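Chain by chain, the residues run as shown.
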Amino acid sequence: MSDRSRAEAVTGEPVTGGLSKKGLSAGTIGLLGAVVIGISCIAPAYTLTAALGPTVSEVGFQVPAIILIGFIPMLLVALGYRELNRAMPDSGTSFTWAARAFGPWVGWLAGWGLIAATILVLSNLAGIAVEFLFLLIDQLAGSPGTIAELAFNPFINVAVCLLFMAGATYISYRDLQTTQKLQYVLVGFQVLVLIFFAVAAFVHVANGTAFDASPVELSWFNPFAIEPTETLDAFGAMVAGLSLSIFIFWGWDVTLTMNEETKDPEKTPGRAATLTVVTIVVLYLLISVSLLAYAGTGAGELGLGNEDIQSNVFFYLSGPILGPLAFLVSLAVLTSSASSLQSTFVGPARTLLAMGHYKALPPAFAKVSPRFFTPGYATVVSAIVASVFYTVMRFVSEDVLWDTITTLGMMICFYYGITAFACVWYFRKQWTDSARSFFFTLLFPLVGGIILLLLFGKTLYDSMDPDYGSGSNIGGLGLVFILGVVVIGLGVVIMIWQAIKRPAFFRGETLGMDAPASLRRTRR
């Protein structure tokens, strides 16, 4: 490699107010690779084992209905993302697109929302990987609970967590080809085990050996069949379940942050995002229906309504369903959290790279490794921040750590919603160009954005309740609400500081606003 190409790899193209390349390795990822990395980032095994129980407690047998309802805003927003990527393939995604549509201030906050959400979940993924590693060793050693308990020793937990983080950082620092090859193995294994798990549960139902066999009914897919709970009416229960379902779909947008490194960057990332969301919803429906049919929603020993098993449904059901092969489920959840830990680095690193490139953050973030053509500096910074956050929170209070993860739902709605509205406003001159333009640049992203905005407001309001989340509160306000306000407020403070230090971006000099003209006028 020549000195000139090395320099270009480090600094990228000069910024002139429009989009510009950042020195990433172009044409590295194909459609299949992007979909696999997207599925990995969502981490279906880890996500569903944690979310299925709480969702059942809110909506009972109507979990499949909630999954389908949660799928709708995700699909609508994904279609908006696809249109934005087609017009502006840029690794900054939400940051870049919101800045082009609404200006630098809104763009900066959208980028902050994505970074904050992914940094929060990175630390959680590492912690979950540690717990399932010790659970797996415990199962294989045949020492029920003895080895698994070691995961809850904060010193052991943090030490192993940092090892996971270091390994994921090393792989993410290397080229995306390494990430892609690793994810083929991890995601393939995870999906095969989940399908095997679901089929085995159906076999038990058919043979009459299920714990609480329940015949599959169409009402499970009907959101209007949701019944009120002790604390919520039917609509409130549906909203609570919907908030949980938003979390289980989060992560598909990583396919868009790789757009400067994919083959056919105008089309491949958008197609990958849509295929990822559709694949995930099919997988979730298969697993949720099979486990509902096997265990029912009662509060019995293995019932999905039993609070004692709701935090880790797969672990408690894997033994009765798979017998001696139960360890495969723990291994699948371990690989799920570990692979997601690694692939989740892709999003914040490339957003930070774009923010550094367009001078919204210090220039160090714009550095690209001259050897691997990856955002090395941004990747390392993401890992350090996530590691420090997890270490401090683990020792200060585990309640604070889990409440911070609950805050993740608000951050997802925040930056997904901004991006959906950015699609609507950016293409405003093309709304009436054709029926396709009306649906894909106006109606679909607008409806998706409104749903997420309502969920954000509802969650923010509900989280003010001191009993929300872990039940921790400060001055009568729920800790989840306080953490959400603090995370967004911290972003505002850093943004103002960067506006003082780096005014060029905030004047629109490095990344200007834009709105493409109507194509009908061009044709004339």
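Residues numbered from 1 in each chain as written. Predicted model: local features only at pLDDT ≥ 70, side-chain atom pairs only at ≥ 80, totals over all residues. Heavy atoms only, no water.

**Student:** Would you mind going over unusual backbone geometry in detail, with residue names and values included?
**Tutor:** At Ala 43, a residue that is not glycine, the phi angle is positive and equals roughly 55°. The residue Ala 43 is located in the loop between α2 (31-42) and α3 (44-59) in this model. Judged by relative accessible area, which is 0%, Ala 43 ranks as buried. Here Thr 93, not a glycine, exhibits a phi torsion of approximately 35°, which is positive. You can see Thr 93 is positioned in the loop between α4 (63-87) and α5 (94-102). Among the residues examined, Thr 93 registers a relative accessible area of 2% and is labelled buried. (Helix = DSSP H or I, 4+ residues; strand = E, 2+ residues; numbered from the N terminus. Buried < 20%, exposed > 50% of the residue type's maximum accessible area, 1.4 Å probe, protein only.)

**Student:** Before we move on, could you go through the environment of Gly 471 and cite the residues and values that matter?
**Tutor:** Looking at where Gly 471 falls in the secondary structure, it is placed in the loop between α17 (435-462) and β1 (473-474). Look at Gly 471 and you get partly exposed, because its relative accessible area is 30%. A C-alpha to C-alpha distance of 9.0 Å links Gly 471 and Asp 403, two positions 68 residues apart in sequence.

**Student:** Report on helix α8 (residues 176-207), specifying residues and quantitative values.
**Tutor:** Think of an α-helix as turning once every 3.6 residues; residues three or four places apart then point the same way. The end-to-end C-alpha distance of α8, which contains 32 residues, comes to 46 Å, matching closely the 46 Å that a straight helix rising 1.5 Å per residue would cover. Remark: the principal bend of α8, roughly 25°, maps to Gln 183. Residue Gly 208 follows α8 closely and has a positive phi angle near 80°. (Expected span 1.5 Å × (residues − 1). Bend = angle between axes of the 7 residues up to and from the residue.)

**Student:** Provide a residue-level description of a nonpolar patch on the surface, including the pertinent values.
**Tutor:** On the surface, a cluster of nonpolar side chains totalling about 490 Å² of accessible area is made up of Tyr 173, Val 380, Ile 384, Val 388, Val 392 and Val 396. Top element by residues in the nonpolar patch is helix α15 (residues 376-396). It accounts for five residues. Checked against the element boundaries, Tyr 173 lands in helix α7 (residues 154-173). By relative accessible area, Tyr 173 is classed as partly exposed at 32%. (Patch = residues over 30% accessible without salt bridge, like charges linked within 9 Å, V, L, I, M, F, W, Y side chains within 5 Å. Areas by Shrake-Rupley, 256 points an atom, 1.4 Å probe, with all protein chains shown as cover. Salt bridge = Lys/Arg side-chain N within 4 Å of Asp/Glu carboxyl O.)

**Student:** Just give me the short version of the packing of α3 against helix α12 (residues 313-322), but keep the residues and values in it.
**Tutor:** The interhelical angle for the contact between α3 and α12, taken along N-to-C directions, is 95°, at an axis separation of 8 Å. Taken as axis vectors, α3 and α12 run roughly perpendicular relative to one another. Residues Ala 45, Leu 48, Thr 49, Leu 52 and Gly 53 of α3 touch α12, and the partners they reach there are Val 313, Phe 314 and Phe 315. Split into classes, the residues belonging to the contact of α3 with α12 amount to six nonpolar, two polar and no charged. (Axes fitted to C-alpha atoms, helices over the stretch in contact; angles between N-to-C directions. Parallel < 35°, antiparallel > 145°, perpendicular 65-115°, else oblique. Contact = heavy atoms within 4.5 Å. Nonpolar A, V, L, I, M, F, W, Y, C, P; charged D, E, K, R; others polar.)

**Student:** Quick rundown of the side chain of Thr 28? Include the residues and the values.
**Tutor:** With respect to the secondary-structure elements, Thr 28 resides in the loop between α1 (3-11) and α2. Ignoring any residue separated from it by four or fewer positions in sequence, one finds Thr 28 in contact with Leu 176, Gln 177, Gln 180 and Glu 261.

That's the geometry; what it means functionally is another story.
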